[in-house]
Amino acid sequence: MSDRALKNLIMIVMVILVLNQFVGWVAGSWGTVPGVLAALVVLAVSFFFGRKARADAGNRAWFLVPVLLFAVIPTGVKLWGLFANEKSLWAKLWDGLPFVMGFLVPIATLLLVYWTLGRGKRRPEAGA
């Protein structure tokens, strides 16, 4: 698989993860209809910045704007909720563990791989 195909696949997975987290947060807070509207907003913003990145061939960072934007909002809300309650530090860390392992770690890993592929400094496989 080419580096370009891998980058496209990684970006699709990141958008799906962000879409799931953001829409889940909106739907859980305000209901189904706002959740559907949030999904449409995420898709529209992702599409707009994707077109902007394709138009500006030298600057592909526009692909990352929606991912970072819609990842920062749920992260901030989650952190606010964790530190606003009166639980012990260990209880707060335990409550935040599913969010960290299910969203932040995968997004950070995919961003690292996307960035590495974009630099074009991958080593060839051992047998190649």
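Rules and cut-offs
- Residues numbered from 1 in each chain as written.
- Predicted model: local features only at pLDDT ≥ 70, side-chain atom pairs only at ≥ 80, totals over all residues.
- Heavy atoms only, no water.
- Salt bridge = Lys/Arg side-chain N within 4 Å of Asp/Glu carboxyl O.
- Buried < 20%, exposed > 50% of the residue type's maximum accessible area, 1.4 Å probe, protein only.
- Helix = DSSP H or I, 4+ residues; strand = E, 2+ residues; numbered from the N terminus.
- Contact = heavy atoms within 4.5 Å.
- Phe/Tyr/Trp six-rings, centres within 6.5 Å; stacked < 30°, edge-to-face > 60°.

Caption draft 1: Representation of the pattern of salt bridges within the structure. Evaluation of the coordinates by the stated rule reveals 1 salt bridge. For Asp95, the salt bridge goes to Lys87, with nearest N and O atoms at 2.4 Å. By relative accessible area, Asp95 is classed as partly exposed at 29%.

Caption draft 2: Highlighting the side chain of Ser46. With respect to the helices, strands and loops of the structure, Ser46 is situated in helix 2 (residues 32–55). Not counting residues up to four positions away in its chain, the partners in contact with Ser46 are Val15 and Pro66.

Caption draft 3: Geometry of the packing of aromatic side chains. Within the structure shown, the criterion is met by 5 aromatic pairs. Both rings, one in Trp25 and one in Trp30, keep their centres 5.5 Å apart while their planes meet at 75°; by these two values the pair is edge-to-face. Residue Trp25 is classed as partly exposed on the basis of its relative accessible area, which comes to 21%. Pairing Phe99 with Phe103 gives two aromatic rings, centres 5.5 Å apart and planes at 35°, and the pair type is tilted. On the criterion of helical spacing, the pair formed by Phe99 and Phe103 is a turn pair, its members being 4 residues apart in helix 4 (residues 89–119).

Caption draft 4: Representation of the environment of Leu40 in the model. Mapped onto the secondary structure, Leu40 falls in helix 2. For Leu40, a relative accessible area of 52% corresponds to the exposed category. Separated by 17 residues in the primary sequence, Leu40 and Val23 place their C-alpha atoms 9.5 Å from one another.

Caption draft 5: The side chain of Lys7, seen in detail. Looking at where Lys7 falls in the secondary structure, it is placed in helix 1 (residues 3–30). Residue contacts for Lys7: discarding those within four places in its chain leaves Tyr114, Leu117 and Gly118.

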